[in-house]
Amino acid sequence: PEREGMFHRGPGLNLTSGQYTAPLAGYYAFSTTLHIGEPSDGPAALPGHAGMVSPTPCSVTVRREPRRKRQGCRGSRLRVLVCVQSCCQHNSHLESVSRLESSGDPFTISVTGTLYLQAGQYASVFVDNTAGSPLTVQSGSDFSAILLGV
């Protein structure tokens, strides 16, 4: 294990890039749980990682993305995606959407599902934040992949 409390088995997970690369072609079960909160400017900021996207012991800020035409005035939302080969626009990704409340309280968002990967393809976690303020992925967040079958 790279850090206490983290389980890591097999060659597929690259902690530097935050990508899981399939060693074999097959169906994989993916799961990610992200703990989201407002960033802390003080020294008490919680260490964390975005589903292994950033394995460094510091918080990852989720920045606001430019608003697209089709979003209209639906309010602030947070999308968490597990995408294959960084292609989140096609039907080869998992997605969860949560409406952001203005309370400022930390919350958790999860994505779980099955994707087919060819040998050598990778999957990683992406966060799309339409909020007007930055958010931070906090400690205790995780990302996992398990080969179900070929």
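Scroll up a little and you will see the structure.
Every value quoted in this text rests on a predicted model; they were computed, and no experiment measured them.

## Points about the pairing of strand β3 (residues 26-37)
- Here β3 runs beside strand β7 (residues 107-117); their pairing, made up of eleven bridges, is antiparallel. The residue of β7 that forms the bridge with T32 is V111.
- Sheet topology note: the β3/strand β9 (residues 135-149) ladder contains ten bridges and is antiparallel. Within β9, the residue paired with Y28 across the bridge is L147.

## Let's talk about unusual backbone geometry
- Its identity is not glycine, yet Q85 carries a phi of approximately 55°, on the positive side.
- Of note, Q85 is situated in the loop between β5 (77-84) and β6 (93-99).
- Its relative accessible area of 31% is what places Q85 among the partly exposed residues.
- Backbone geometry places S86, a non-glycine residue, at a positive phi of 60°.

## Here's the deal with the sheet that holds β5
- Judged by pairing direction, the sheet is antiparallel, and its five strands sit side by side in the order β1-β2-β8-β5-β6 without closing on themselves. Each edge of the open sheet is held by one strand with a lone partner, namely β1 (13-14) and β6.
- In this sheet, strand β2 (residues 19-21) lies alongside β1 in antiparallel orientation, the contact comprising two bridges. Bridged to L13 within β2 is Y20.

Thresholds applied
Residues numbered from 1 in each chain as written. Predicted model: local features only at pLDDT ≥ 70, side-chain atom pairs only at ≥ 80, totals over all residues. Heavy atoms only, no water. Pairing = 2+ DSSP bridges. Helix = DSSP H or I, 4+ residues; strand = E, 2+ residues; numbered from the N terminus. Buried < 20%, exposed > 50% of the residue type's maximum accessible area, 1.4 Å probe, protein only.

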